[in-house]
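Geometric and topological summary
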Amino acid sequence: MATITPDTQIDIGHNDDPNSNYLTSSRGFLSWALTLDHKRIGVMYLVGIFGAFFLGGVLALLLRLQLLMPEGTFSFISLDRYNQLFTLHGAVMTFLFIIPSVPAALGNFVLPLMVGAKDVAFPRMNLASFYLWVFGAIFFLIALVTTQLDTGWTFYTPYSIETQTNVIAATCGAFILGFSSIFTGLNFIVTVNTMRPPGMTWFKMPLFMWAIYATAIIQVLATPVLGITLLLLTAERVLHIGIFDPSMGGDPVLFQHFFWFYSHPAVYIMILPGMGIMSELMSVYSRKPIFGYTFIAYSSIAIALLGFLVWGHHMFVSGQSPMSAVIFSGLTFSVSIPSAIKVFNWVATMYKGNINLATPMCYALSFIFLFSIGGLTGLFLGALATDIHLHDTYFVVAHFHYVMMGGTVIAFVGGLYHWWPKMFGVMYNEFWGRVFCAVVFIGFNLTFFPQFIMGSQGMPRRYATYAPEFQLYHDLSTIGALTLGIGMVGAIAVLVISLFNGRKAPANPWGAATLEWTCTSPPPYYNFEHAPHVGSPYDYTGLKYDPQVGGYVRDPNAAPASESGH
Amino acid sequence: MAHITGLDMHSILADTLFFPPERSTFAGDVDGLFNFIYYLCLFFFVLIIAAMTYFAIKYCARPGHSEKPSPSHNESLEITWSVIPSILVGVIFFYGFTGYLNMREAPEDAYEIQVYAKKWQWSFKYPNGAETTELHLPAGKPVKFLEQSADVLHSFYIPAFRIKMDCVPGRYTSTWAIPNATTGSGISIDGHQPYHLFCAEYCGQQHSQMRALVYVHEPAEFEAWAEKEANFLETKPPAEAGAILFQRKGCVQCHSVTGDRSTKYLGPPLNGQWGTERDVIPRGSSTPEKVMMDENYVRESIRQPMAKIVQGRKPGMTVFTPSLLNDKQITAIIAYLKSLKDEK
Ligand SMILES: [Cu+2]
Ligand SMILES: [Cu+2]
């Protein structure tokens, strides 16, 4: 295996003080703005992404409050304003938050550490990816404050060709963000392929790496299609080329095919990294090797590949031929199996374990609960006869929030709590961490479960006003959303407060066996002083809790095949 | 028609909590499949969560407890839990698609209603010429909906029937249903409890208000209703009735009512013309003469278009004989033309 040595460009103002870490090794705005350090880029992504999450969340709360009353609660939210709000909520959450969330923030920080490397393969490209994200985000905000986009995040034609709002600024934003995503993906593919240390074969990789790798493949293969589609849409608006516009002989349904050819795989860009986090958490906090490693690893790849063949399930009532609907429905069911296998494996991992119900594990257990509901309700939507009724109703809204938010976001927050001591060298408050996990869990279910019921009762999505018989469900959902909002803010606050008063974190507080826990917390600028010894990522036998350190250390006597005498 | 009879297990829970009442013959099949998936999901969900909770409690970290070795994989167990769900989703897929194919293929003799969607209103045309903005249907008969859209995507959704189909501009789409119960009795809509019809595909500003009501009548009453609705000449104000005829008899194809003089229209625009003079060339003559647009001129233009040709236009207007357009209808059109103002 060829090994690419990453660019060891030293950041501005870097000092070689052996006691410094990546956070303290240099100071000043430029040392962050121009950093090539994957850890700092990960932290900057984290801040940016949470900014987007907060914005999207505030928009969501506004929407929910507006829906308290059938004719709308606030008079300052007109029909147009409502349409703009839900569009922005969707666009900000998908493009600015959830797609980059796990890979760009946690992946950037953790992945090079997991392979025992100094950095990703292309550090400059990594920084470029971050700036593309920033510029893309600015474009989105331009669309927000100027004429206000109202097409839905899906940009369906011919509405998106006709509307007076600033579709072009928004598509430019999404286009740039697409490149940000491609850069991240490319970097991770090369890093995983070429920079694994000797001894780390494919099947000795942590499953988080498998997940990030599978995600990166989708990012690189699918995102260009979105870019081209959005360019065509812009060309249609500006030059009237007549590809999607029916009044010029174009086909509006073609746009849906293009769009979902990207956007279905994109849902796996969103969920696969969350699944990767889950595999780490379930194993570490159960102190058991992950059950069925090979099945989980292969199922990530299977999902990545099969995910390209099912886009038509978003279009069962679009007028596509019955034959293609039947084929897409069949393929869709095939992609449900790998996800089911993963859930079974995670639960089986707990068997005969020693389960530490720390906050990350609480999130992991919430994930299993919520993701199971999200995944199982997908069966109603994959089956043709029931989808006809449920398509474009709140049932779909509830389904994808259970998967995306109950899955990815919960895993993301769990992963953040898990790696937080490593990232910032402090321990958060365990009690409040668990309390807010419970608040999030309750709030989440209260928000989205009623949506399943009103959806199957026939409540269409994207409605600014609604028939009065749905009010009870809407009101429950709004109360849930407020609870969820409090829980999320609390969960983040617990982490932020720990930065100021958190106990100093040991190198390995959870007793995990992956390589990132072998360096100090927070890691030094160069990550590892010596190349770490590669063992099995899920073998916990040699790790013993040391009350003096407050964390786990490798027991030199018990280490079986360890020749790590450095 | 194949029914998913084996799956027709209606639970009180699913009927009252999850669904609006079943008001088409599909609804039973759809709900049956829904319930089948629902109980299957419930079973697996309870299984997963029970195992998870049990493990979390039994193996919870506490003093004196430590992990015990157990195999980290088990081929036969893993194959079992891959294969069994695969078979079950295969079954779901099968019932899903057979039910769906039934919903796509309307029987030959179905009563056909044309559905027009435009921002943000529905309109429905019935075979006898009646046209409405609320949907009226005969109970117990297959009805086919032939859908068109004038502008952007819309979606024709009747939850009580469990049917939905997008209306795509520049293309026909269709769906069908057999309503299985009436919404009330009588031709008039008083005393009916109609169902919702929603636009389910986002279509802009008033998307959430693009709703209509669905009335289902006894077949005999439906006939009577349709008859009455088609005779709108008696029931509507003349100018409104005239506007409908102007549209329906195809005058719109050759005459603009917005002042458009372009060659897109064979004939001259007709708005703001009432009482004004124009130059026409009478039959057999070559010199133009002036004539004012009044009742008799319009009547003549319709019955014998060749009698006077508007200067600058070519003869080419359809001759509307009494069988195509009767006198009462002409009177209504005249009332309509009088009401058309000049567009400035
Ligand atoms: Cu999809
Ligand atoms: Cu509509």
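Each remark here, short or long, concerns the structure printed above.
The sections below set out a description of the structure shown in this document.

Thresholds, definitions, all that
Residues numbered from 1 in each chain as written. Chains lettered and ligands numbered in written order. Predicted model: local features only at pLDDT ≥ 70, side-chain atom pairs only at ≥ 80, totals over all residues. Heavy atoms only, no water. Helix = DSSP H or I, 4+ residues; strand = E, 2+ residues; numbered from the N terminus. Rg over C-alpha atoms; globule rule 2.2 N^0.38 Å. Buried < 20%, exposed > 50% of the residue type's maximum accessible area, 1.4 Å probe, protein only. Areas by Shrake-Rupley, 256 points an atom, 1.4 Å probe, with all protein chains shown as cover. Lys, Arg positive; Asp, Glu negative; His and termini not counted. Charge placed at Lys NZ, Arg CZ, Asp CG, Glu CD. Donors = N, O, S within 2.8 Å, 3.2 Å for Na, K, Ca; no water. Salt bridge = Lys/Arg side-chain N within 4 Å of Asp/Glu carboxyl O. Contact = heavy atoms within 4.5 Å. Buried area = accessible area lost by both parts, 1.4 Å probe. Polar contact = N/O pair within 3.5 Å; in protein donor to acceptor, adjacent residues only side chain to side chain. Nonpolar A, V, L, I, M, F, W, Y, C, P; charged D, E, K, R; others polar. Tetrahedral: all angles 85-135°; square planar, octahedral: opposite > 155°, others 65-115°. Core = buried A, V, L, I, M, F, W, Y, C linked by side-chain atoms within 4.5 Å. Pairing = 2+ DSSP bridges. Expected span 1.5 Å × (residues − 1). Axes fitted to C-alpha atoms, helices over the stretch in contact; angles between N-to-C directions.

1. Observations concerning the overall build of chain A
- Broken down by element type, chain A carries 15 helices and four strands.
- The globule rule puts the C-alpha radius of gyration for 566 residues at 24 Å, and the 24 Å found for chain A is close to it.
- Expressed along its principal axes, the backbone C-alpha trace of chain A runs to roughly 75 × 45 × 45 Å.
- Expressed as a percentage of the 566 residues in chain A, the buried residues total 67%.
- Only carbon and sulfur atoms are counted for the fraction: they give 70% of the accessible area of chain A, which is about 18,400 Å².
- Side-chain charges of chain A comprise 22 positive and 25 negative groups, with the mean position of each set lying 10 Å from the other.

2. Focus on the overall build of chain B
- When its secondary structure is counted, chain B shows nine helices and 13 strands.
- Whereas a compact globule of 344 residues would reach a radius of gyration of roughly 20 Å, chain B reaches 31 Å, over 25% beyond that.
- In terms of overall dimensions, chain B has a C-alpha envelope of 115 × 40 × 35 Å along the principal axes.
- Within chain B, the fraction of its 344 residues that count as buried is 46%.
- Roughly 16,800 Å² of accessible area belongs to chain B as shown, and the carbon and sulfur atoms make up 58% of that amount.
- Of note, chain B has its 32 positive side-chain charges centred 7 Å away from the centre of its 36 negative side-chain charges.

3. Observations concerning the coordination of the copper ion (ligand 1)
Residue and element names in this part refer to chain A.
- Within the protein, the atoms that donate to the copper ion (ligand 1) are His264 (ND1), His313 (NE2) and His314 (NE2), at distances of 1.7 to 2.0 Å.
- Mapped onto the sequence, the residues coordinating the copper ion (ligand 1) show the spacing H-x48-H-H. Pair noted here: His264 is in helix α8 (residues 252-286) and His314 is in the loop between α9 (293-306) and α10 (322-349), with a separation of 50 residues, a long-range link. Exposure class is identical for His264 and His314. Each is buried.

4. Some points on the pattern of salt bridges
Residues and elements named next belong to chain B.
- Within this structure, the stated rule accounts for eleven salt bridges over all chains.
- Lys338 is paired through a salt bridge with Glu295; the nearest N and O atoms lie 3.1 Å apart. Placement of the pair is Lys338 in helix α9 (residues 327-339) and Glu295 in helix α8 (residues 295-303), with a sequence separation of 43 residues.
- Given the relative accessible area of 40%, Lys338 is considered partly exposed.
- For Glu295, a relative accessible area of 37% corresponds to the partly exposed category.

5. Some details on the interface of chain A and chain B
- Between chain A and chain B, the residue contacts involve 88 residues of the former and 80 residues of the latter.
- Surface buried jointly by chain A and chain B totals about 7,100 Å² across both partners, of which 68% is contributed by carbon and sulfur atoms.
- Where chain A meets chain B, there are two salt bridges.
- Residue Lys119(B) is joined to Glu162(A) by a salt bridge in which the shortest nitrogen-to-oxygen separation is 3.1 Å.
- Applying the counting rule to chain A against chain B returns 25 residue pairs in polar contact (both at pLDDT 80 or more).
- Residue contributions to the side of chain A that touches chain B peak at 14 residues, all from α10(A).
- Here the side of chain A that touches chain B is built from residues that sort into 49 nonpolar, 27 polar and twelve charged.

6. What about the coordination of the copper ion (ligand 2)?
Residue and element names in this part refer to chain B.
- Protein ligation of the copper ion (ligand 2) involves His154 (ND1), Cys199 (SG), Cys203 (SG) and Met210 (SD), the donor distances falling in the range 2.1 to 2.5 Å.
- Around the copper ion (ligand 2) sit four donor atoms; with metal-centred angles ranging over 89 to 122°, the donor geometry is tetrahedral.
- One chain supplies every donor for the copper ion (ligand 2), spaced along it as H-x44-C-x3-C-x6-M.
- The exposure class assigned to Cys199 is buried, which follows from its relative accessible area of 0%.
- Among the residues examined, Cys203 registers a relative accessible area of 0% and is labelled buried.

7. Regarding the nonpolar core
- If you look at the biggest cluster of nonpolar residues, it comprises 265 residues, and the most contacted ones within it are Trp346(A), Trp122(B), Leu135(B), Phe156(B) and Phe161(B).
- When residues of this core are assigned to their parent elements, the largest contribution, 22 residues, is made by helix α3 (residues 79-114) of chain A.
- Excluding residues that lie within four positions of it along the chain, Trp346(A) makes contacts with Met275(A), Met278(A), Ser279(A), Met282(A), Ile290(A), Ile296(A), Phe367(A) and Ile368(A).
- Ranked by size, the runner-up nonpolar core spans 21 residues in total, among them Ala241(B), Phe246(B), Leu270(B) and Val280(B).

8. Quick notes on the pairing of strand β4 (residues 551-554) of chain A
Residue and element names in this part refer to chain A.
- Alignment of strand β3 (residues 543-546) against β4, held across four bridges, turns out to be antiparallel. Bridging across to β4, Asp546 finds its partner in Gly551.
- Taking the residues between adjacent antiparallel strands as the criterion, β3 and β4 are bridged by four residues, where Gly550 takes a positive phi near 80°.

9. A few points about helix α6 (residues 167-194) of chain A
- Helix length check: α6(A) (28 residues) gives 40 Å between terminal C-alpha atoms against 40 Å at 1.5 Å per residue, within 8%.
- Within α6(A), 21 of the 28 residues are buried, which leaves it mostly tucked inside the rest of the structure.

10. Some thoughts on the sheet that holds strand β1 (residues 111-118) of chain B
- In space, the five strands of this open sheet follow the order β3-β2-β1-β5-β8 (chain B), with mixed pairing throughout. At either end of the open sheet lies a strand with only one pairing partner, and these are β3 (131-132) and β8 (173-177) of chain B.

11. Overview of the sheet that holds strand β12 (residues 289-292) of chain B
Residue and element names in this part refer to chain B.
- Strand order in the open sheet formed by three strands is β12-β11-β13, and the pairing between neighbours is antiparallel. The open sheet has two free edges, formed respectively by β12 and β13 (308-310), since each of these has just one partner strand. Pairs of neighbouring strands in the sheet enclose a mean axial angle of 55°, with direction left out of account.
- Looking at chain direction, strand β11 (residues 277-282) and β13 are connected through three bridges and run antiparallel. Considered in β13, the bridge of Pro282 is made with Lys308.

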